[in-house]
Amino acid sequence: MTARRQRASYGQVISDKMDKTVVVAVPRLVSHALYGKVVRRLTKLKAHDERNDSRIGDYVKIVETRSLSKDKHWRVAAIIERGEQNPSP
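Positions within a chain are numbered from 1, following the residues in the order the chain's sequence is written. Reporting of local features is limited, given that this is a predicted model, to residues whose pLDDT is at least 70; pairs of side-chain atoms are given and counted only at 80 or more, and all residues count toward the totals for whole chains, interfaces and linings. To obtain the side-chain values, all non-hydrogen atoms of the structure were included, while hydrogens and water were left out.

It is worth spelling out the side chain of Lys72 at this point. Of note, Lys72 is situated in strand S5 (residues 72-81). The rule is simple: take the accessible area with a 1.4 Å probe, protein chains only, and divide by the maximum for that residue type; under 20% is buried, over 50% is exposed, in between is partly exposed. His residues and chain termini do not enter the charge count, which takes Lys and Arg as positive and Asp and Glu as negative. Salt bridge, as used here: a side-chain nitrogen of Lys or Arg that lies within 4 Å of a carboxyl oxygen of Asp or Glu. The buried charged residue Lys72 lacks any salt bridge, with Glu50 as its nearest oppositely charged partner at 7.6 Å. We call two N or O atoms a polar contact when they sit within 3.5 Å, provided that within protein one can donate a hydrogen and the other can accept it, with sequence-adjacent residues counted only if both atoms are side-chain atoms. Engagement of the side chain of Lys72 in a polar contact is seen with the side chain of His48, the distance being 3.1 Å. A contact between two residues is defined here by any heavy atoms of the two lying within 4.5 Å. Apart from the residues within four sequence positions on either side, Lys72 is in contact with Lys20, Thr21, Lys46, Ala47, His48, Arg66 and Ser67. Note on conventions: DSSP H or I runs of at least 4 residues are helices, E runs of at least 2 residues are strands, and numbering of each starts at the N terminus.

Okay, the nonpolar core next. Take the buried residues of types Ala, Val, Leu, Ile, Met, Phe, Trp, Tyr and Cys, join any two whose side-chain atoms come within 4.5 Å, and each joined set is a nonpolar core. One finds Val13, Val22, Val24, Val26, Leu45, Ala47, Val60, Ile62, Trp74 and Val76 forming the largest nonpolar core, which totals 10 residues. Contributions of two or more residues to this core are made by strand S2 (21-31), strand S3 (38-48), strand S4 (59-64) and S5. Top element by residues in this core is S2. It accounts for three residues. Those residues in contact with Leu45 that lie beyond four places of it in its chain are Val22, Val23, Val24, Val26, Ile62 and Trp74.

Strands qualify as paired when DSSP identifies two bridges or more between them. The strand order around the closed barrel built from five strands is S1-S2-S3-S5-S4, with neighbouring strands paired in mixed fashion. Shown here is a sheet whose adjacent strand axes are inclined to one another by a mean of 50°, direction ignored. Here S4 pairs with S5 via six bridges, running antiparallel. Its bridge partner being in S5, Val60 is matched across the sheet by Ile79. Only the stretch in contact is used when a helix axis is fitted, and all axes are lines through C-alpha atoms; the angle between N-to-C directions ranges over 0 to 180 degrees.

Before going further, it helps to examine the pattern of salt bridges. Taken as a whole, this structure holds six salt bridges when the rule is applied. For Arg55, the salt bridge identified is with Asp16, shortest N-O distance 3.7 Å. With a gap of 39 residues between them, Arg55 in the loop between S3 and S4 and Asp16 in the loop between strand S1 (8-15) and S2 connect regions that are remote in the sequence. Judged by its relative accessible area of 39%, Arg55 falls in the partly exposed class. The residue Asp71 makes a salt bridge to Lys46 at a minimum N-O spacing of 3.4 Å. Here Asp71, found in the loop between S4 and S5, pairs with Lys46, found in strand S3; they are 25 residues apart in sequence, far enough to count as distant.

Okay, structure coming up:
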């Protein structure tokens, strides 16, 4: 049995309102179809966060996994950098 290498992406957590789920914004560069200029695009991915460790503003590494729900196909592998801590009201 061969071990398959998992696809990984890096991005910033933009929402942590759901239980055990975070929304991660992953930036990418795309060439414009007509003009060829490189344009920045943002992909929002839902990722599984088992321990609810990630907070808004955190920079995280996510890896592809089996389907966990309709939209959730990624999981948080590591928190690379903590974002600014906002005191909760």
